[in-house]
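Inside the fold
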Amino acid sequence: MALETKDITPAPPVARWHTFTADESLELLQSDPDQGITSQEVAARFERYGANELVEKAGRSSLKIFIDQFTNIMLIMLMAVAVVSAVLDIRDNEFPKDAIAISSIVLLNGILGYMQETNAEKALAALKRMSSPKVRVIRNGEVIEINGKELVPGDVMLLEAGVQIAADGRLLDEQNLQVRESALTGEAEAVNKEAKLVLEEEASLGDRLNCVYQGTEVVQGRAKVLVTKTGMQTELGKIAALIQDVENEDTPLQQRMTQLGNVLVSGSLALVALVVLVGMLNKGNFGDLLKTSLSMAVAVVPEGLPAVVTVTLALGTQRMVRRNALIRRLPAVETLGSVTTICSDKTGTLTQNKMVVQGIRTGLHSLQVTGDGYAPIGKFNVLENSSEDSNFAVNNIPEVQQLLMACVFCNDAILQQKNGEWIIIGDPTEGALLVLASKGGCEAAEWQHRMPRVFEVPFSSERKRMSVLVQGEHGGNVMFCKGSPELTLECCTHIQIGDQIHEIADHQRQNVLTQNNELASRGLRVLGFAYRTFSDLPEGGLTENDESNLIWLGLVGMLDAPRPEVRDAVKRCREAGIRPVMITGDHQLTAKAIAIDLGIAREGDHVLTGRELERMTSEDLDREVNLVNVYARVSPEHKLRIVQALQRQHQFVAMTGDGVNDAPALKQADIGIAMGITGTDVSKEASDMILLDDNFATIVAATEEGRVVYTNIRRFIKYILGSNIGEVITIAAAPMLGLTVPLIPLQILWMNLVTDGLPALALAVEPAEPNVMQRPPVDPRENIFARGMGAYMVRIGIVLAIITIALMAWAHGYTTTHFDEIYNKERWATMVFTTLCLAQMGHAIAIRSNTQLTIELDPRTNLYVWGSVIMTTVLQLVLIYVEPFRNFFGTHLISTTELAVCVGFSSLMFVWIELEKLVIRWWLWKRQA
Ligand code: ATP
């Protein structure tokens, strides 16, 4: 029994746990293998040892993150512009206002970038923490599930295949335990562990076969482990700094942005050279030419863009988590929008994973089982003679009785009543079998105590069955086996009918397969049961070879109803040009019945089985892979082949998985998706995204969010770059009209950062367009300028420039005739500046939709756009009408009439874009007609 609380555990001897027996270790940590430790003891130890957490390795230092912001090529160019501008101003004995402003804006951009980057890192770290593993432990004599962080030395932890081990520990008991320790030892091969061993002190980490270590993975088997060390005391903690790589990937989009930056910077440098050269040939003033070029260089760079992109991705992850999709790698946010095929498991993802046994088939009997959920209340009706139902006693049929025993022994789940509700800890398939047994009067706790388990060959998705060996009550041992009916039947040579055991005849085998097909084609999940006896314990424990000469007992069919929301999600997938594919370990008829029900497959469709797949060459599979919607009886390694074949057919694949062996397929898929509830830690570690609710509909929701993110990114890039092009053309046009450069660098920076930046941020949160899931997916390799985007930017840039140049020509003429020389320039230039800014406001409002007119859109769906437009307009007026700002930004007062003219000209931008939408609609309508 666990000891009293007050006597706090002595500090465990350092690193020598492998030299003690299990009992000595229990003694040292004052724990008990069956009871664990008490809650009070847990609290005391938690206080003493702290949380079981690794202290995060410091990533880049704050200073480094800050300095990194200035390595962006566009900011480097702006700094160079600041230097040249300062030199020019000092030469002319002027205050270097532009240089100071540019430097401040570079600095501000750096600070913003720094804040966003650190926030994004924090957000991702928080998301990762949410997916931290759960651990099963025994405390106060009860099996409970806790967060890995809450483990303390002395806890008794239960391990099973797929678990990532959450603390260091000494094995107390194990069944075929294999652990992959590559995270610690670099050794890829899994090692067999043995509780009984006691080792020399010198044994290296890789040789300590009686201990397990944090961060390693259980590949097979199960074990009971005494936690010896937690947190930074673990072996992993010691080398934490080595394995905690802070992931810092650029998303494909960020990479494209860097390329775009390079193009823009080299383009603007070429432009500067050209303007200076042409100007010099025309004997222009070098200083003026340089100023024009500097303005153009500043105008071409979208200073606010990197910040907007980062914010958009961060907001995308937040929206997705609200819809139960937890993003583990940032690129998934935008690439989700490109998914063309979603390969999904059946059990738990397309179905509810709430199993209820519906029927039993033995050699002679067909029974129907009643009852709902996990409450062990229900009856067995004989189908052949339903009038017999009320008095029918299932314990009159020996083979059914034996089958119920198999359900109880071949089982690792626990059925519990909590707050009046029956719940299952463990696999729902096994839980349903406990419920079934209990309905038939066979109580798991009692029988598992009377006939304890000696050995087991655990379940794996490859073998599709499991076996256990239990001590017989009256001597000898009994092995029970359950699993896929076909595979279990193959191991049988006999059949039990009543209390007689006969050699199984061919027609009886055929009968079992027919019964199996009958149950499976109703969409039921069917398991087969068999057993055999051993007079002596098999030497060297139970192995797969012992799964032979079995006696067939019967079949159990359980209902796992499809999730109701999935039908609609499948329909939405199809409309969005995404093909849903079911890949399941279950029987082909079960798979097909559920796939048809959900709309994934149709009646005549071929279901490809794992066996067929094994016989196919890669070329054969390549031919089939675009046609098959349901794969059945597959193993995890088949999943990898399917993803690869789909990818060879240029599909962009999202693939779900939950087991340890699904990890390679998840890594290979373009979007690897792990299950939040049933998924193993290993699969989660390999994934890009985790479904918090294990639900297929969530994948579709995340795909929709991905599309919205990508659409919004394209939208504000169009918006920002269109404006930059307009500015450059306007600046270049001025000298051709015989005018000086109308915009100083400071004003251009203002436009690019504030008057373009704020509305762009608002456009980043634009809600989904109604048809976002009615278009085909975006090609992930698509160039950022594809699908008319480059043309749009150039066209809008030209329209913006034409409007501004027209205004410039008018304003220059008007002010020349009405005002004296000195103020003239600043006055018309201020009108040009204002028109450019206000035209962009019209652009921001109109660009919310590509096809819907602004009056057709509900303004409430994105109040940020309206807010940003109002705010920006007010700020622009402040620059003109508040003296200190006017002085600083080099603007001039303009009259209300002049302002009205600016508003008039700039509104043409809005009108133009709305007209474009009408033309597009007319064209689409004509094409359809
Ligand atoms: P999916 O791949 O869609 O999740 P699945 O749950 O049927 O479907 P697996 O878990 O790989 O896939 O199971 C494959 C088969 O193994 C099942 O169809 C069933 O016949 C058998 N099986 C499943 N769970 C158990 C279990 N706990 N014990 C014995 N056999 C099992």
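Residues numbered from 1 in each chain as written. Predicted model: local features only at pLDDT ≥ 70, side-chain atom pairs only at ≥ 80, totals over all residues. Heavy atoms only, no water.

Backbone geometry places Asn 93, a non-glycine residue, at a positive phi of 55°. Counting through the fold element by element, Asn 93 comes out in the loop between helix 4 (73–91) and helix 5 (97–130). Look at Asn 176: it is not a glycine, yet its phi comes out positive at around 45°. In this structure Asn 176 comes out as partly exposed when scored by relative accessible area, which is 31%. (Helix = DSSP H or I, 4+ residues; strand = E, 2+ residues; numbered from the N terminus. Buried < 20%, exposed > 50% of the residue type's maximum accessible area, 1.4 Å probe, protein only.)

Right, let's get into the site of the ligand. Residues in close proximity to the ligand total 19 residues, the closest being Lys 346, Thr 347, Glu 430, Ser 461 and Arg 525. Here Gly 585 contributes a backbone N or O atom positioned 3.0 Å from an oxygen atom of the ligand. Note that an oxygen atom of the ligand is positioned 3.0 Å from one of the side-chain N or O atoms of Arg 633. Look at the ligand: alone it shows 600 Å² of surface, and the protein chains cover 92% of it. Listing elements by their share of the shell around the ligand, those giving two or more residues are strand 17 (477–483) and strand 20 (525–534). Per element, the largest residue contribution to the shell around the ligand is 3 residues, and it comes from strand 20. Across the shell around the ligand, the residue classes tally to 4 nonpolar, 6 polar and 9 charged. (Near = heavy atom within 4 Å. Polar contact = N/O pair within 3.5 Å; in protein donor to acceptor, adjacent residues only side chain to side chain. Areas by Shrake-Rupley, 256 points an atom, 1.4 Å probe, with all protein chains shown as cover. Nonpolar A, V, L, I, M, F, W, Y, C, P; charged D, E, K, R; others polar.)

Turning our attention to the UniProt feature "transmembrane region" (unreviewed entry) in the chain. As annotated in UniProt, the feature "transmembrane region" (unreviewed entry) corresponds to residues 70–87, 263–281, 293–315, 792–811, 831–851, 863–882 and 888–913 in the numbering used here. In the segment residues 831–851, helix accounts for 76% and strand for 0%; the C-alpha atoms at its two ends are 31 Å apart. (UniProt positions renumbered as here; feature names shortened; annotations may be inferred.)

It is at 7 Å that the axes of helix 25 (residues 696–736) and helix 28 (residues 789–818) come closest, and there the two elements cross at 40°. In terms of orientation, helix 25 lies oblique with respect to helix 28. Seen along the crossing, helix 25 lies across helix 28 with a hand that is right-handed. Each of Arg 714, Ile 717, Lys 718, Leu 721, Gly 722, Ser 723, Ile 725, Gly 726, Ile 729, Thr 730, Ala 733 and Ala 734 in helix 25 lies in contact with helix 28, whose residues at this interface are Met 789, Tyr 792, Met 793, Val 794, Gly 797, Ile 798, Leu 800, Ala 801, Thr 804, Ile 805 and Met 808. (Axes fitted to C-alpha atoms, helices over the stretch in contact; angles between N-to-C directions. Parallel < 35°, antiparallel > 145°, perpendicular 65-115°, else oblique. Left-handed = near helix turned anticlockwise from the far one by under 90°. Contact = heavy atoms within 4.5 Å.)

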